[in-house]
Amino acid sequence: MWQLLDSDLELVVESDFIYLPLLFDPEIEKETQVLLQTGKPLENSRQPEPKTIIKHKDRHFVKALSIQSLLDNYPAINSYSYRQLRNDCLRKYQLTRDVDDIFFDGPLRTILFQVMPYFIKKNRGLQRNKLNDEKILDLILEKVSIPARYFKEAKTFQDLGPLREIFKDLEDQQPIFKLPENGLYSGPELRDWLHNAVHAKVLANEHHRIAEALQIREQFSRAKPEHIAIMLYIADTGSIEIDDFGFTRNNSYKGEYFVYKRTRDYVLKDYYARSYLFPDCRVAVSTYTPFRPFVIEKYKHPFLLGHKAGQEICMRNFVPPNELTAQNVIRTIEEGLTAMRYGYDGRKRNGYHTLDKTWVHIPTIDFEDYRI
Amino acid sequence: MGLLKDIKHKRAKQRQKMPLRQDVFNQISSLVKRYGIKESFLDILDNIDDYPSGENLKLARVRLKAPMEGALFSLATKDEYALTMSIIAKINNSYLRFAHSPEEILLCKPLYCLNPSLSPEKLGRYHFETLFLHERAKIENNESHGHSTGKNK
């Protein structure tokens, strides 16, 4: 069917059915003559059904597809195309779920407006001002290069006109699309019509979401477009990093994030005061329990059990917090960073592993490659 | 006992799958589509002699048919259908079903005029040009043989 709509064939629409050019063989020709005889009743003639074969400009066409049925079953007939059309349509009006939710995403707001200001260099010189939300967003704008397309999308986001119009039509129970009139159409013409009709149906199905989106956008209609662009960028990428501090979306749990701070390179000393240079890593805490610090990368350290990614840091007296607050996140990250950079005591050889080889245990993790 | 066996044998034969033979419409319609034959082909068909001179025919000793997988149930557009039916009406002989190329369609009528009783095996295996040259050579041989025997007398 899609090949037909993509071809340069001419198709006829009559009584909401698509008619295709009739192909012939001797049997079909005989049947056609019988069907086209004047006064000859068609099959199931009790109901006023559209004709099976019609003649248009001396060409024969055969009834093939019901437009209404095609439209109703479009998601099942071509799910890939439907998903694509739906996404295009929702993106056009910035209606993808994450976009609107992000403005009221609790953990994200905590990270952005309470945790981030603690870790990033926000003041120049000797000024010490407490930053409000708007200034934090301005700071992000200074330090992160946001691609231009997000600024364009921000304008679309704040333009409530088209969305209001659609919402009004839906509220007034207006027909969401008009079936094509009878006549001759090219394949691409019908395909375009079908795509528009699918768009209209998608919007009708998203009635509630449009109402919610309108409500949210009206609240943010006076916000700076640049700030909206930052939020759209975060909704899309799920991460931002400034001055070694950052966060990234936790793909395993929806709406959860990993908040992290980089250690940068640091040096630890062993029993004999020999130095070991440890590479940079990200010490993180999840917004989803347990609120324990861990290292995101594949990493080895005396306080990490193995040499792999996502290991919790061994901290003897650390009691993880019970709830997600900015203070708890800051404390957990700082405890983790301190443990990694200053927690190892070469004389005590504390932790899972020792930096120097003791020959008492079979060494599992070796730090010789870090020695300087 | 003999009768019972006979009946069983006949019934087994009836149940046997018979190969579906390509009919003339499917064959010519496939050729029309494959070679993009146009209306002008009908004019060429009108102008061809029943007994062509053979000057343009190749002297290859045996020319086999080009293999062709035609559609078993060919469907044609209105124009293709009209052209196919016109070709069938113009040639109107049983050899047309064995044509594998437009060239063979053109040779169909002359070949039929030379010998209308060629076996389907021959028609399906050899190119009509070869068959035509063969049939014509046979006739010429017969004529010359008759002529020479008449001269000896």
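Reading the values: the criteria
Residues numbered from 1 in each chain as written. Chains lettered and ligands numbered in written order. Predicted model: local features only at pLDDT ≥ 70, side-chain atom pairs only at ≥ 80, totals over all residues. Helix = DSSP H or I, 4+ residues; strand = E, 2+ residues; numbered from the N terminus. Buried ≥ 20, exposed ≤ 12 C-beta atoms within 10 Å, placed from the backbone. Contact = placed C-beta atoms within 7 Å. Nonpolar A, V, L, I, M, F, W, Y, C, P; charged D, E, K, R; others polar. Core = buried A, V, L, I, M, F, W, Y, C linked by C-beta atoms within 7 Å. Domains from an automatic or database assignment. Pairing = 2+ DSSP bridges. Expected span 1.5 Å × (residues − 1).

Examining the overall build of chain B
Stage number 1. Helix and strand counts for chain B stand at seven helices and zero strands.
Stage number 2. Taken from N to C terminus, the helices and strands of chain B fall in the order α-α-α-α-α-α-α.
Stage number 3. The 153 residues of chain B split such that 22% are buried.

Let's talk about the interface of chain A and chain B
When the parts come together, some accessible area is lost, and that loss is often what is quoted as the size of the interface.
Stage number 1. Facing seven residues of chain A, the contacting portion of chain B comprises seven residues.
Stage number 2. The residue inventory of the side of chain A that touches chain B, partitioned by class, reads four nonpolar, one polar and two charged.

Describing the nonpolar core
Across soluble globular proteins, you tend to see nonpolar side chains buried next to one another.
Stage number 1. Among the nonpolar cores identified, the biggest contains 48 residues, and Y19(A), I28(B), L96(B), A99(B), C108(B), L111(B) and F128(B) are the most heavily contacted of them.
Stage number 2. Considering every element that reaches this core, the biggest residue donor is helix α11 (residues 187-205) of chain A, with six residues.
Stage number 3. Taken together, domain 1 (2-68) and domain 2 (75-237) of chain A each give at least three residues to this core, which thus spans both.
Stage number 4. Here L96(B) is in contact with V24(B), I28(B), I88(B), I91(B), I105(B) and C108(B), once residues within four sequence places are set aside.

Quick look at the sheet that holds strand β7 (residues 245-249) of chain A
Residue and element names in this part refer to chain A.
Stage number 1. Read across the sheet, six strands follow the order β6-β7-β8-β11-β12-β13 without closing on themselves; strand pairing throughout is antiparallel. The open sheet is flanked by β6 (239-242) and β13 (311-312), the only strands paired with a single partner.
Stage number 2. Where strand β12 (residues 294-295) and β13 come together, two bridges link them in antiparallel fashion. Counterpart to F294 in the pairing with β13 is E312.

Here we look at helix α13 (residues 225-237) of chain A
Residue pairs three or four apart in sequence face the same way in an α-helix, which turns once every 3.6 residues.
Residue and element names in this part refer to chain A.
Stage number 1. With 13 residues, α13 ought to run about 18 Å at 1.5 Å a step, and its terminal C-alpha atoms sit 18 Å apart, in line with that.
Stage number 2. Taken together, the buried positions of α13 are I228, A229, I230, M231, L232, Y233, I234 and A235.
Stage number 3. In the stretch just after α13, G238 is the one whose phi turns positive, near 75°.

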